[in-house]
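# Inside the fold
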Amino acid sequence: TQLLEQSPQFLSIQEGENLTVYCNSSSVFSSLQWYRQEPGEGPVLLVTVVTGGEVKKLKRLTFQFGDARKDSSLHITAAQPGDTGLYLCAGRDGSARQLTFGSGTQLTVLP
Amino acid sequence: DTAVSQTPKYLVTQMGNDKSIKCEQNLGHDTMYWYKQDSKKFLKIMFSYNNKELIINETVPNRFSPKSPDKAHLNLHINSLELGDSAVYFCASSQRGWTEAFFGQGTRLTVV
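Notes on the structure follow. The shown structure was predicted, so the numbers you read here are calculated from the model rather than taken from an experiment.

Glancing now at the overall build of chain B. Scanning chain B from terminus to terminus reveals zero helices and eleven strands. Along the chain direction, N to C, the helices and strands of chain B fall in the order β-β-β-β-β-β-β-β-β-β-β. In terms of C-alpha radius of gyration, chain B reaches 13 Å, essentially the compact-globule figure of 13 Å for 112 residues. Seen through its C-alpha atoms, chain B measures out along the principal axes to roughly 35 × 25 × 25 Å. By residue count, 42% of the 112 residues in chain B fall in the buried class. The long-range fraction of contacts in chain B, counting pairs at least 24 apart against all pairs at least 6 apart in sequence, stands at 54%. Of the accessible surface of chain B, which amounts to about 5,600 Å², a share of 49% is contributed by carbon and sulfur atoms.

Residue and element names in this part refer to chain A. Ordered in space as E1-E3-E8-E7-E6, the five strands form an open sheet in which the pairing is antiparallel. Each edge of the open sheet carries a strand with a single partner, namely strand E1 (5-7) and strand E6 (55-58). Going from strand to strand, the sheet's axes swing by 15° on average, the running direction of each strand aside. Here strand E7 (residues 61-65) runs beside strand E8 (residues 71-76); their pairing, made up of five bridges, is antiparallel.

Here we come to the sheet that holds strand E1 (residues 4-7) of chain B. Working definition: the strands of a sheet are paired by backbone hydrogen bonds and lie parallel or antiparallel to each other. Residues and elements named next belong to chain B. Taken in spatial order, the four strands of this open sheet run E1-E3-E8-E7, and their pairing is antiparallel. The two strands at the open ends of the sheet, each matched to only one other strand, are E1 and strand E7 (64-70). Each strand axis lies, on average, 15° off the axis of its neighbour in the sheet, ignoring direction.

Okay, the interface of chain B and chain A next. Accessible area lost upon the coming together of the parts is a frequently used measure of interface size. Contacts between chain B and chain A engage 19 residues on the former and 19 residues on the latter. Both sides together, the interface formed by chain B and chain A hides about 1,700 Å², and carbon and sulfur atoms give 53% of it. Of all residues in chain B, the largest losses of buried area upon contact with chain A belong to B:Leu43, B:Trp98 and B:Phe103, amounting jointly to 29% of the total for that side. Run the count over chain B and chain A and you get zero salt bridges. For the side of chain B that touches chain A, the secondary structure elements donating two or more residues are strand E4 (31-37), strand E5 (43-50) and strand E6 (53-57) of chain B. Tallied by class, the residues present in the side of chain B that touches chain A amount to ten nonpolar, five polar and four charged.

A word on the pattern of salt bridges. Taken as a whole, this structure holds six salt bridges over all chains when the rule is applied. Close ionic contact of A:Asp83 with A:Arg60 constitutes a salt bridge, the shortest N to O distance being 2.9 Å. Placement of the pair is A:Asp83 in the loop between E8 and strand E9 (85-92) and A:Arg60 in the loop between E6 and E7, with a sequence separation of 23 residues. Classification of A:Asp83 by relative accessible area gives buried; the value is 4%. Taken together, the salt bridges that share partners define one network made up of B:Arg63, B:Glu82 and B:Asp85.

Moving on: the nonpolar core. If you look at the biggest cluster of nonpolar residues, it comprises 21 residues, and the most contacted ones within it are A:Leu19, A:Leu32, A:Trp34, A:Phe63, A:Leu74, A:Ile76 and A:Leu107. Sorting the residues of this core by element identifies strand E3 (19-24), strand E4 (31-37), strand E5 (44-49), E7, E8, E9 and strand E11 (105-110) of chain A as the ones contributing at least two each. Not counting residues within four places of it along the chain, the set of residues in contact with A:Leu19 comprises A:Leu11, A:Ile13, A:Leu74, A:His75, A:Ile76, A:Ala79 and A:Leu107. B:Ile21, B:Met46, B:Tyr89 and B:Cys91 belong to the second-largest nonpolar core, a separate cluster that totals 19 residues.

Looking at the secondary structure, you find B:Asn17 in the loop between strand E2 (10-13) and strand E3 (19-25). Once you skip the residues sitting within four places of it in the chain, B:Asn17 turns out to touch B:Ile78, B:Asn79, B:Ser80 and B:Leu81.

Cis geometry marks the peptide bond from A:Ser7 to A:Pro8; its omega dihedral reads -10°. Mapping A:Pro8 onto the fold places it in the loop between E1 and strand E2 (10-14). Even without being glycine, A:Lys59 reaches a positive phi, approximately 55°. Structurally, A:Lys59 can be placed in the loop between E6 and E7. With a relative accessible area of 84%, A:Lys59 lands in the exposed category. Backbone geometry at B:Ser80 places phi at a positive 45°, although glycine is not the residue there. On the secondary structure map, B:Ser80 appears in the loop between strand E8 (73-78) and strand E9 (87-94).

What counts and what doesn't
Residues numbered from 1 in each chain as written. Chains lettered and ligands numbered in written order. Predicted model: local features only at pLDDT ≥ 70, side-chain atom pairs only at ≥ 80, totals over all residues. Heavy atoms only, no water. Helix = DSSP H or I, 4+ residues; strand = E, 2+ residues; numbered from the N terminus. Rg over C-alpha atoms; globule rule 2.2 N^0.38 Å. Buried < 20%, exposed > 50% of the residue type's maximum accessible area, 1.4 Å probe, protein only. Contact = heavy atoms within 4.5 Å. Areas by Shrake-Rupley, 256 points an atom, 1.4 Å probe, with all protein chains shown as cover. Pairing = 2+ DSSP bridges. Axes fitted to C-alpha atoms, helices over the stretch in contact; angles between N-to-C directions. Buried area = accessible area lost by both parts, 1.4 Å probe. Salt bridge = Lys/Arg side-chain N within 4 Å of Asp/Glu carboxyl O. Nonpolar A, V, L, I, M, F, W, Y, C, P; charged D, E, K, R; others polar. Core = buried A, V, L, I, M, F, W, Y, C linked by side-chain atoms within 4.5 Å.

Note that every value here comes from positions in space, so none of it alone points to a role or purpose.
Dropping the structure here:
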C-alpha cells in the first residue's frame, strides 16, 4: 500500500488569507483526486488530475499535479468560512484497483 | 434522492455485541466499498466488492464480514464488538475501482 502524506495536518487561518495544502508520495500515481469532507458527512470529490504538470481551477481553488506525478497541491485564494473542512487527496497507481487516501488536512477558516 | 445511503447514522452498543450496517447505492455503480475513518480522520479501505464479488480485503479482523446480496447493496456485519472498533464507517461506490468515489454519510459506531 502506498503512502500519501499531507501537510499541514491542521491549518487555521483568517478569512481572506491564502493557503496551500500539499500531498506527497514517493510513488508515481496515474491519477490523483482531491476530496473535501464536512463534519457529519462523507468526502465529496472536488477534482481529478491525471497529467503530470496539470493545473485545474475550480473558482478560488487551484489544483496542481506534479510533473513526476508523485505530488499534488491545492491552493485556496481568499479563503472563506465555507471552505472549512477536511481536505483529502487520493491516488491510484497504474496497477491498483483502488484509491489510497492521504492523511488529510483539517482546514478552519475563521470569520 | 440520496446516491449512497447507509443506516444507521449513529450506533452505540456494548462490547461483545453483534451489529450490522446497511448500505445501498442507486447510481448503478459496479464497485462498492467499506472504509473506516479513525479519530485522526485517516480513511482506510476495509473491503471492496465488484459486481457482488469480493476483490479487496485489507487486513481486517475476521469479526468483520461484508455481504453483497446484489450490486446495489453492501452490508457490513461486525461480531463481538470491541472498544477499538469505535470509528466512523463509510460506505462508498464508484463505476471503477479508481474513478470518483461517492460516499454515504457515515455511521458513527461507539462501543462502550
